[in-house]
Amino acid sequence: STSVILSYQLDPTKIVAHLIRLCKELYKLRNYHTLLSILAGMNHISVTRLEEAWKLEKDLQKTYEVLSSKMSPSQNYVMYRADVARARPPYLPCL
């Protein structure tokens, strides 16, 4: 995951911002499987320690926090399971 961010000649902050926007769209599409996969990669220690990559605008930081809390494994994914219970088909659950 670090190699993805560092291999491009782009600003790491732009890559993280793009991934957050992608996660937001995946949530709208109810593609929970891909959303959780991307968030897991972003939460990996090798990515989270890249401090300069996480200097985001406040709205993107808030979006990331909201999506991370909705897909949090705490209490056996209670927020995620509640979303899936309310979701109308089609949706792609975590497999």
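Here is what the cut-offs are and how they apply
- Residues numbered from 1 in each chain as written.
- Predicted model: local features only at pLDDT ≥ 70, side-chain atom pairs only at ≥ 80, totals over all residues.
- Heavy atoms only, no water.
- Helix = DSSP H or I, 4+ residues; strand = E, 2+ residues; numbered from the N terminus.
- Expected span 1.5 Å × (residues − 1).
- Bend = angle between axes of the 7 residues up to and from the residue.
- Buried < 20%, exposed > 50% of the residue type's maximum accessible area, 1.4 Å probe, protein only.
- Contact = heavy atoms within 4.5 Å.
- Core = buried A, V, L, I, M, F, W, Y, C linked by side-chain atoms within 4.5 Å.
- Salt bridge = Lys/Arg side-chain N within 4 Å of Asp/Glu carboxyl O.
- Arc of directions from axis to C-beta.

Caption draft 1: Geometry of the environment of Lys-14. Note on placement: Lys-14 falls in helix α2 (residues 12–29). Separated by 35 residues in the primary sequence, Lys-14 and Arg-49 place their C-alpha atoms 16 Å from one another.

Caption draft 2: Just helix α6 (residues 74–86), in detail. Look at α6: 19 Å from first C-alpha to last across 13 residues, which is about the 18 Å you get at 1.5 Å a residue. The largest bend along α6 measures about 30 degrees and falls at Tyr-80. Buried residues of α6: Tyr-80, Asp-83 and Val-84, and no others. For α6, the secondary structure elements touched by its buried residues are α2, α3 (32–42) and α5 (58–70).

Caption draft 3: Seen up close, the nonpolar core. Ranked by internal contacts, the top residues of the largest apolar core, which has 22 residues, are Val-16, Ile-20, Cys-23, Leu-39, Met-42, Trp-54 and Leu-56. Listed by contribution, the elements that provide at least two residues to this core are α2, α3, α5 and α6. Those residues in contact with Leu-56, other than ones at most four positions away along the chain, are Thr-13, Val-16, Ala-17, Ile-20 and Gln-61.

Caption draft 4: Quick look at the environment of Met-79. Inspection of the secondary structure assignment puts Met-79 in helix α6. Taking the C-alpha atoms as reference, Met-79 lies 7.6 Å from Ser-69; in sequence the two are ten residues apart. Once residues within four sequence positions are removed from consideration, Met-79 is found in contact with Ser-69 and Lys-70.

Caption draft 5: Representation of the pattern of salt bridges within the structure. Summed over all chains, the structure comprises two salt bridges. Note that Arg-86 is salt-bridged to Asp-83, the shortest N-O span being 2.5 Å. Taken together, the residues Arg-86 and Asp-83, both in helix α6 and three residues apart, mark about one turn of the helix. On the accessibility criterion, Arg-86 (60% relative accessible area) is exposed. Here Asp-83 falls in the buried class, since its relative accessible area comes to 6%.

Caption draft 6: Region of interest: α5. Look at α5: 18 Å from first C-alpha to last across 13 residues, which is about the 18 Å you get at 1.5 Å a residue. For α5, the set of buried residues is Leu-60, Thr-63, Tyr-64 and Leu-67. All buried residues of α5 lie within an arc of 100 degrees about the axis, which places them on one face of the element. The exposed residues of α5 that point more than 90 degrees off its buried face are Lys-58 and Lys-62.

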